[in-house]
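Chain residues, written in single-letter form:
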Amino acid sequence: MNWNKRVQAAWQREIEQGNYDTVGVLKFNKGTAVSRNTAQALYGAYWHKLDRTLFGRAADKGACVSRWCFVEGGEYGANAHLHFVARSPIEVEKFCTVASVLW
């Protein structure tokens, strides 16, 4: 088995055993017009805002939504978007609503 397949299999096991209850994608209306650096900054600001909304000032001290994020560029590498799995700290439907509104 090659290294890439071993790493991919290990990540899949970790995600499956991580007790995550939410899966999502953060994308832009015109993902091809957003640079990778701009996308990274916006993703970071989004997660901080979500953490701050859910945990208040404790987010400034490290409290956050447990999550794994995977940035992709799309089929041709120019359509920035982020896949994630997360463990909701509140009821899942409410968490998804808050997360969607903030994005």
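Described in the following lines is the structure provided in the data block. (Residues numbered from 1 in each chain as written. Predicted model: local features only at pLDDT ≥ 70, side-chain atom pairs only at ≥ 80, totals over all residues. Heavy atoms only, no water.)

### Comments concerning the overall build of the protein chain
Within the protein chain one finds 3 helices and 3 strands. Reading the protein chain from its N terminus to its C terminus gives the helix and strand order α-β-α-β-β-α. In terms of overall dimensions, the protein chain has a C-alpha envelope of 45 × 35 × 25 Å along the principal axes. Counting the 103 residues in the protein chain, one finds 25% classified as buried. Considering only contacts in the protein chain between residues 6 or more positions apart, those separated by 24 or more positions represent 59%. Accessible area for the protein chain stands at about 7,300 Å²; split by element, carbon and sulfur atoms hold 51% of it. Where the 13 positive side-chain charges of the protein chain centre and where its 9 negative ones centre are 6 Å apart. (Helix = DSSP H or I, 4+ residues; strand = E, 2+ residues; numbered from the N terminus. Buried < 20%, exposed > 50% of the residue type's maximum accessible area, 1.4 Å probe, protein only. Contact = heavy atoms within 4.5 Å. Areas by Shrake-Rupley, 256 points an atom, 1.4 Å probe, with all protein chains shown as cover. Lys, Arg positive; Asp, Glu negative; His and termini not counted. Charge placed at Lys NZ, Arg CZ, Asp CG, Glu CD.)

### Overview of the sheet that holds strand S2 (residues 66–72)
Ordered in space as S1-S3-S2, the 3 strands form an open sheet in which the pairing is antiparallel. Each of the sheet's edge strands pairs with one partner strand only, and the pair in question is strand S1 (22–27) and S2. Taken pair by pair, the neighbouring strands of this sheet meet at an average axis angle of 20°, ignoring direction. Packing of helix H1 (residues 3–17) onto the sheet brings it into contact with S2 and strand S3 (81–87), and relative to S2 it is tilted by some 145°. In this fold helix H2 (residues 36–55) packs onto S1, S2 and S3, with an angle of close to 165° to the strand it touches most, S2. (Pairing = 2+ DSSP bridges. Axes fitted to C-alpha atoms, helices over the stretch in contact; angles between N-to-C directions.)

### Thoughts on the packing of aromatic side chains
With the rule as written, the count across this model stands at 9 aromatic pairs. Centroid distance Trp11 to Trp68: 6.4 Å. Interplanar angle 90°. Geometry classified as edge-to-face. With Trp11 in helix H1 and Trp68 in strand S2, this residue pair connects regions lying 57 residues apart in the sequence. Take Trp11: its relative accessible area is 44%, and that puts it in the partly exposed class. Ring centres of Tyr46 and Trp47 lie 5.1 Å apart, and the angle between their planes is 70°; this geometry places the pair in the edge-to-face category. Just as Tyr46 is buried, Trp47 falls in that class too. Grouping aromatic residues by their ring pairs yields a cluster made of Phe28, Tyr43, Tyr46, Trp47, Phe84 and Trp103. (Phe/Tyr/Trp six-rings, centres within 6.5 Å; stacked < 30°, edge-to-face > 60°.)

### Quick notes on the side chain of His81
Among the secondary structure elements, His81 is positioned in strand S3. A distance of 2.8 Å separates a polar atom in the side chain of His81 from the backbone oxygen of Asn79. (Polar contact = N/O pair within 3.5 Å; in protein donor to acceptor, adjacent residues only side chain to side chain.)

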